[in-house]
Amino acid sequence: MIKVGIIGSTGYAGQELVRILLGHKEAEIKWYGSRTYADMPYASVFQNMFQLVPDICKGEDMEKLCEEVDVIFTATPQGLCSTLVNEDILSKVKIIDLSADFRIKDVDTYEKWYGIKHGSPQFIKEAVYGLCEINREDVKKARLVANPGCYPTCSFLSIYPLAKAGVIDMKSVIIDAKSGTSGAGRGAKTANLYCEVNESIKAYGVTTHRHTPEIEEQLSYASGEEAIINFTPHLVPMNRGILVTAYASLTKDISAEEIRQIYVDAYKEETFVRVLDEGICPETRWVEGSNYVDVNVKKDERTGRVIMMGAMDNLVKGAAGQAVQNMNLMFGLKETEGLLMPPVFP
């Protein structure tokens, strides 16, 4: 049985980790870390855990925690994990970080886009980018995994097959993405109040969103050339879900049938990436509460461009589910363990 500690267990992603791990046959949560709710019953923070989690929230002492568990999930704001981790801790425990601290390989790029100084740049090179569908073998050997961001996961998996195949211009990629409000976290912010969000939709972080360099870096690895994208996220009045619609110019004359086959071949062995039937567009309602990503693609014969689409739950495949998927790989378990729950509807 894998002993688990969660730092940041009372955020949305942290609570989703708890929900998933309670149904995991090979894992047991030993530590519910929370700076805000330390010494309070976990079920008093999330009433849905009443009589399911009797534990009291503890602090976020990684030095102590690493002596008691096999793996630590850090579902915390950017900057915290990098200030806590050190060689002694990594020699005792595996860490899966749900923040951006170890996702971007260039420390200057990280500090520029996130506006904070990195706390342990010496571990950036070692950290494995935990997109299981692409880096599965590296994840298996890792002691430090950088769990990908929600927008980057959906964007990358929507675009990856054509980027890898070398049939799109990587400087022509435009990503229009929309997310539910849980993507902004559980902290109180005026802009996320019900009256501010309901019956409205808005773009934000236009040209400046901090997931941009992460998406560019991963698409560059996939395509073997520098990717320069336009990425525009939007906030929509729903709890969960991300929808990506991405556009790119084709670099060669290729049929719609050939394009579709590239997707089918890329994901035929992947449990959690579902290539939809021809003509069916991804919808967030069909992936909610699950670790699945639905993707599809359509060629625009008139313009010579291609439209790549994806939908997923930002808290599951975009955060906690993907983190558990990484844990399964790191400990030699079946990758799908604890993650085969069907999407919830309605």
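Above this text you will find the structure in question.
Residues numbered from 1 in each chain as written. Predicted model: local features only at pLDDT ≥ 70, side-chain atom pairs only at ≥ 80, totals over all residues. Heavy atoms only, no water.

### Things to note about the overall build of the chain
Per the secondary structure count, the chain includes 12 helices and 13 strands. Over its C-alpha atoms the chain spans a radius of gyration of 20 Å, differing by no more than 12% from the 20 Å that the globule rule assigns to 346 residues. If you line up the chain on its principal axes, its C-alpha atoms span 60 × 45 × 40 Å. Looking at the chain as a whole, 54% of its 346 residues are labelled buried. The long-range share in the chain, meaning contacts at least 24 apart out of those at least 6 apart in sequence, stands at 70%. (Helix = DSSP H or I, 4+ residues; strand = E, 2+ residues; numbered from the N terminus. Rg over C-alpha atoms; globule rule 2.2 N^0.38 Å. Buried < 20%, exposed > 50% of the residue type's maximum accessible area, 1.4 Å probe, protein only. Contact = heavy atoms within 4.5 Å.)

### Looking at the sheet that holds strand β10 (residues 242–249)
What links the strands of a sheet is backbone hydrogen bonding, and the strands pair in either a parallel or an antiparallel sense. Strand order in this open sheet of 7 strands is β8-β9-β7-β10-β13-β12-β11, and the pairing throughout is mixed. Only two strands of the sheet have a single neighbouring strand rather than two, namely β8 (202–203) and β11 (273–275). Pairing analysis gives 6 bridges linking strand β7 (residues 174–179) to β10, with the strands arranged antiparallel. Bridge pairing in β10 places K178 opposite L243. (Pairing = 2+ DSSP bridges.)

### Quick word on helix α7 (residues 132–140)
Taken together, the buried positions of α7 are C132, E133, N135 and V139. Each buried residue of α7 sits inside an arc of 135° when the element is viewed along its axis, so together they form one side. In the core, the buried residues of α7 are packed alongside β5 (128–129), β6 (144–146), α8 (150–165), β11 and α12 (316–330). (Arc of directions from axis to C-beta.)

### Quick word on unusual backbone geometry
Across the junction of F345 and P346, the peptide omega takes the value 0°, indicating a cis bond. Positive phi, close to 75°, is recorded for D39, a residue that is not glycine. In this fold, D39 is placed in the loop between β2 (27–33) and α2 (42–45). Phi at Q51 takes a positive value of approximately 65°, unusual for a residue other than glycine. Locating Q51 in the fold gives a position in the loop between α2 and α3 (62–65). On the basis of relative accessible area, Q51 is assigned to the exposed category, the value being 71%.

### With respect to the sheet that holds strand β3 (residues 71–74)
A sheet is described by the order of its strands in space; here 6 strands give the open sequence β2-β1-β3-β4-β6-β5, paired in parallel fashion. A single partner strand is all that each edge strand has here, and the edge strands are β2 and β5. Across the face of the sheet, α12 comes into contact with β1 (2–7), β2, β3, β4 (94–97) and β6 while running at roughly 160° to β4. (Axes fitted to C-alpha atoms, helices over the stretch in contact; angles between N-to-C directions.)

### Comments concerning the pattern of salt bridges
This model, assessed by the stated rule, comprises 18 salt bridges. Salt-bridge contacts for R240 lead to E16; the nearest nitrogen and oxygen are separated by 2.9 Å. Of the two residues, R240 is situated in the loop between β9 (230–235) and β10 and E16 in helix α1 (residues 12–21); the sequence distance between them amounts to 224 residues. According to the relative accessible area criterion, R240 is partly exposed, its value standing at 21%. The residue R240 makes a salt bridge to D313 at a minimum N-O spacing of 2.9 Å. Within this pair, whereas R240 is found in the loop between β9 and β10, its partner D313 is found in the loop between β13 (305–312) and α12, the two being separated by 73 residues in sequence. Classification of D313 as buried rests on a relative accessible area of 1%. (Salt bridge = Lys/Arg side-chain N within 4 Å of Asp/Glu carboxyl O.)

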